[in-house]
Amino acid sequence: MRDDDPVSSPLPYAEVTDEAYATQAAAGFQPQEFEFAVVLSGRCPRCAHPSTTTLVDEVYRKDVAAPDPGYRTLLCECEAEHPGRPAGLRGCGAYWTLWLEVEA
Amino acid sequence: MIRLRPGPPATVADLHRAQQLAGLLRGELERVRAAAVAWRNGLGGLLVALVGFSLIRGRTDVTTLAAGWGALVGVLLLAALAAGVAGALALLRAAHGRLTVTPVAALPPVPLGDHLEAVAAVRSLRMGVGLVLLCTALLVAAVGVTWYAPARPATAAVSSPAVGSLPSAR
Ligand SMILES: [Zn+2]
Ligand SMILES: [Zn+2]
């Protein structure tokens, strides 16, 4: 986890990934288990803002979702403003993948 | 305990799926509520019409039926009413949420709390739809009995033509 403050000039929105993001997130994000979901919270590896992602097994929708490949893809879901972000999206655009392993 | 490990290099397809899921999760409760309100409006109207119609219909017809059959109609109507009320309550629950107060400390974070509520609302929605259909089936059975059950012997001369003509009139 990075303890430095988020950069003062706003980082522009960009849909980018990097293997370092997954490594940092795997080390820095805290998983919290609930009955039907896992909540992952930590600092986004790109913009360093606090970000919380809720992972659930099923979502109510009318059409059928694509099957999950096993790993989970996380997005930066920080509350901060990142210029150039399309409407309806959140975060700075960073994304990465994680495996969730349940330990006995 | 859950342990996190870095996953494989993310692809654009991964990004789009994650964006779609995040968007779905954010609007999930609203979509379930909207579906429940639509069901409540449609089935609720049907329910009121059916209950009103059958109680009036059943009342006049039951007096002309043989004793055991009249009681059967009564039981069917009562069961239909119970299923209808339970179904209406389940639909209301799905459309507007539970009428209980949850201690703030016990509340999960917002998107997850909404998801749990949406899961519960879907369950209520399914139950409500099932109960309303059951209520309709029971009402149809009750009305069917009033049409087809044997008439009471003493009043047969007065009322049996009316009872006998009902099925063909519909
Ligand atoms: Zn970010
Ligand atoms: Zn950010």
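Presented here is a report on the structure given in the accompanying data block. None of these values were measured; they are calculated from a predicted model.

### A few points about the overall build of chain A
For chain A, the count of helices and strands is one helix and five strands. When the elements of chain A are put in sequence order from the N terminus, they spell out α-β-β-β-β-β. Put simply, chain A has 104 residues, and 41% of those count as buried. A separation of at least 24 residues holds for 57% of the contacts in chain A among residues at least 6 apart in sequence. Within the structure as shown, chain A displays about 5,800 Å² of accessible surface, and the carbon and sulfur contribution to it stands at 51%.

### Some thoughts on the coordination of the zinc ion (ligand 1)
Residue and element names in this part refer to chain A. Distances from the zinc ion (ligand 1) to its protein donors, namely Cys44 (SG), Cys47 (SG), Cys76 (SG) and Cys92 (SG), fall within the range 2.3 Å. Around the zinc ion (ligand 1) sit four donor atoms; with metal-centred angles ranging over 102 to 115°, the donor geometry is tetrahedral. All donors to the zinc ion (ligand 1) come from one chain, and their sequence spacing reads C-x2-C-x28-C-x15-C. The exposure class of Cys76 is buried, given its relative accessible area of 1%.

### Quick look at unusual backbone geometry
Positioned with a positive phi, Ala48 of chain A is a non-glycine residue whose angle comes to about 70°. Inspection of the secondary structure puts Ala48 of chain A in the loop between β2 (37-43) and β3 (50-56).

### A look at the pattern of salt bridges
Counted under the stated rule, the structure contains eight salt bridges over all chains. Note that Arg17 of chain B is salt-bridged to Asp14 of chain B, the shortest N-O span being 2.9 Å. Residue Arg17 of chain B and its partner Asp14 of chain B are both found in helix α1 (residues 12-62); the two are separated by three residues, about one turn of the helix. Here Asp14 of chain B falls in the buried class, since its relative accessible area comes to 3%. Through salt bridges with shared partners, a single network forms among Glu77, Glu79 and Arg90 of chain A.

### Notes on the coordination of the zinc ion (ligand 2)
All names here are of chain A. Donor atoms from the polypeptide that coordinate the zinc ion (ligand 2) comprise Cys47 (SG), His49 (ND1), Cys78 (SG) and His82 (NE2), at 2.0 to 2.3 Å from the metal. In this structure, the zinc ion (ligand 2) is coordinated by four donor atoms arranged in tetrahedral fashion, with angles at the metal of 95 to 121°. Between the zinc ion (ligand 2) and the zinc ion (ligand 1), a separation of 3.7 Å is found, and both are coordinated by Cys47. Of this pair, His49 sits in the loop between β2 and β3 while His82 sits in the loop between β4 (72-75) and β5 (95-102); the two residues are 33 residues apart in sequence, bridging distant segments of the chain.

### Side note on the nonpolar core
The biggest cluster of nonpolar side chains holds 23 residues, and the ones touching the most others in it are Val73, Leu91, Leu125 and Cys135 of chain B. Breaking this core down by element, the ones donating at least two residues are α1, α2 (67-96) and α3 (110-148) of chain B. For this core, the element with the highest residue contribution is α3 of chain B, accounting for nine residues. Grouped together as the second largest cluster of nonpolar side chains are 19 residues, Ala22, Leu40 and Cys47 of chain A together with Leu4 of chain B included.

### Topic: the pairing of strand β1 (residues 30-33) of chain A
Where β1 of chain A meets β2 of chain A, four bridges bridge the pair, whose relative direction is antiparallel. Directly across from Pro31 of chain A, in β2 of chain A, lies its bridge partner Leu40 of chain A.

### Here we look at the sheet that holds β4 of chain A
The strand order β4(A)-β5(A)-β1(B) describes an open sheet built from three strands, whose pairing is antiparallel. Two strands close off the open sheet at either side, each with one partner strand: β4 of chain A together with β1 (2-6) of chain B. Mean inter-strand twist for the sheet, computed between neighbouring axes without regard to direction, equals 45°. In this structure, β5 of chain A lies alongside β1 of chain B, joined through five bridges in antiparallel fashion. Opposite Trp99 of chain A, over in β1 of chain B, you have Arg5 of chain B as the bridge partner. Helix-sheet contacts for helix α1 (residues 19-28) of chain A involve β5 of chain A together with β1 of chain B, and the interaxial angle to β5 of chain A is about 40°.

### Considering the sheet that holds β2 of chain A
Residue and element names in this part refer to chain A. If you walk across this open sheet you meet the three strands as β1-β2-β3, and the pairing is antiparallel. Of all the strands in the sheet, the pair left with one neighbour each is β1 and β3. Averaged over all pairs of adjacent strands, the angle between their axes in this sheet comes to 20°, without regard to strand direction. Relative to β3, β2 runs antiparallel, the two sharing seven bridges. Bridging from a neighbouring strand, Val38 pairs with Leu55 of β3.

### So, the packing of aromatic side chains
All names here are of chain A. Tallied over the entire structure, the rule returns three aromatic pairs over all chains. Between the aromatic rings of Phe29 and Trp96, the centroid separation amounts to 5.8 Å while the plane-to-plane angle is 65°, which identifies the pairing as edge-to-face. Of this pair, Phe29 sits in the loop between α1 and β1 while Trp96 is found in strand β5, placing the two residues 67 residues apart along the sequence. Trp96 shares its class with Phe29; the two are buried. Ring geometry for Tyr71 and Trp99: centres 5.7 Å apart, planes at 80°, overall edge-to-face. In this pair, Tyr71 is assigned in the loop between β3 and β4 and Trp99 in strand β5, connecting sequence segments 28 residues apart. By relative accessible area, which is 29% here, Trp99 ends up partly exposed. The rings of Tyr21, Phe29 and Trp96 are connected pair by pair, giving a single aromatic cluster.

The rules behind the values
Residues numbered from 1 in each chain as written. Chains lettered and ligands numbered in written order. Predicted model: local features only at pLDDT ≥ 70, side-chain atom pairs only at ≥ 80, totals over all residues. Heavy atoms only, no water. Helix = DSSP H or I, 4+ residues; strand = E, 2+ residues; numbered from the N terminus. Buried < 20%, exposed > 50% of the residue type's maximum accessible area, 1.4 Å probe, protein only. Contact = heavy atoms within 4.5 Å. Areas by Shrake-Rupley, 256 points an atom, 1.4 Å probe, with all protein chains shown as cover. Donors = N, O, S within 2.8 Å, 3.2 Å for Na, K, Ca; no water. Tetrahedral: all angles 85-135°; square planar, octahedral: opposite > 155°, others 65-115°. Salt bridge = Lys/Arg side-chain N within 4 Å of Asp/Glu carboxyl O. Core = buried A, V, L, I, M, F, W, Y, C linked by side-chain atoms within 4.5 Å. Pairing = 2+ DSSP bridges. Axes fitted to C-alpha atoms, helices over the stretch in contact; angles between N-to-C directions. Phe/Tyr/Trp six-rings, centres within 6.5 Å; stacked < 30°, edge-to-face > 60°.

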